[in-house]
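# Reading the structure
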Amino acid sequence: MKTPEHPIFLESIKYIRSKLGITQLDTVQQSILERIIHSSGDFTLQSCLKFSPSACENGINALQNGATILTDTYMAKSAISPMAKRTINSDIQCILGMAPKSIDSSVTTRSEIGMRKIWLDFKEKEKLLTPPIVVIGSSPTALISLLDLVESGYATPSLIIGMPVGFIGVSESKSRLLNSECSYIVLDGSKGGASLAAAATNALLRAAET
């Protein structure tokens, strides 16, 4: 039995639906759109939201089969953890846990190193696990690092939620994801952030709950 949503949240979603009108999205895609608008107060996100074919189905199936959720920030992990506990108790890990505390920031980023280390570690276990869902709400370098590994022959994630925010390298990383063979949910352009990436993930967790 699914846990109930808070009445204020439900009232907010009712309001959002009244403003959106008909979207042509399926039920899960609609839920993702509603949650990211609820998290941001920004109705213009509707035009930025992109789904690869079967992205939501892939994500739900992965979650129901025990996929780990990897985040690029502790903020995203914190925002997803309560929903994970309320629904299917998914394991959530932040890639920064695999990164050194000190780096030469003129050469690389902690999230880039963390993504590479955790994905290479995953390779050793890939026959035992459903590939993780990767949630990027901040770091375009982490997204690029992951795509480099996939293109080099390493495991493909079950789903990438690609919503890094900002200007330097952000649009380029999203464009590369949109043109990849990976399953994705993307906020195109410069918009994104940990709260929006977490909101999309939480919609999938809610849909995966039986």
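### Let's talk about the packing of helix 4 (residues 74–86) against helix 8 (residues 194–208)
- Running from N to C, helix 4 and helix 8 cross one another at 15°; their axes reach a closest spacing of 8 Å. Between helix 4 and helix 8, the interaxial angle falls into the category roughly parallel. Handedness of the helix 4/helix 8 crossing: right-handed. Contacts from Met75, Ala76, Ala79, Ile80, Met83, Ala84 and Arg86 of helix 4 reach helix 8 at Ala194, Ala198, Thr201, Asn202, Leu205 and Arg206.
- In terms of residue class, the contact of helix 4 with helix 8 is built from nine nonpolar, two polar and two charged.

### Some points on the nonpolar core
- By size, the foremost hydrophobic cluster in this structure holds 40 residues, and its most contacted members are Ile32, Ile36, Leu49, Ile161, Met163, Ile185 and Leu204.
- Broken down by element, the residue count for this core peaks at nine residues, all from helix 8.
- Among the nonpolar cores identified, the runner-up in size contains 20 residues, and Val134, Ala155, Tyr184 and Val186 belong to it.

The rules we used
- Residues numbered from 1 in each chain as written.
- Predicted model: local features only at pLDDT ≥ 70, side-chain atom pairs only at ≥ 80, totals over all residues.
- Heavy atoms only, no water.
- Axes fitted to C-alpha atoms, helices over the stretch in contact; angles between N-to-C directions.
- Helix = DSSP H or I, 4+ residues; strand = E, 2+ residues; numbered from the N terminus.
- Parallel < 35°, antiparallel > 145°, perpendicular 65-115°, else oblique.
- Left-handed = near helix turned anticlockwise from the far one by under 90°.
- Contact = heavy atoms within 4.5 Å.
- Nonpolar A, V, L, I, M, F, W, Y, C, P; charged D, E, K, R; others polar.
- Core = buried A, V, L, I, M, F, W, Y, C linked by side-chain atoms within 4.5 Å.
- Buried < 20%, exposed > 50% of the residue type's maximum accessible area, 1.4 Å probe, protein only.

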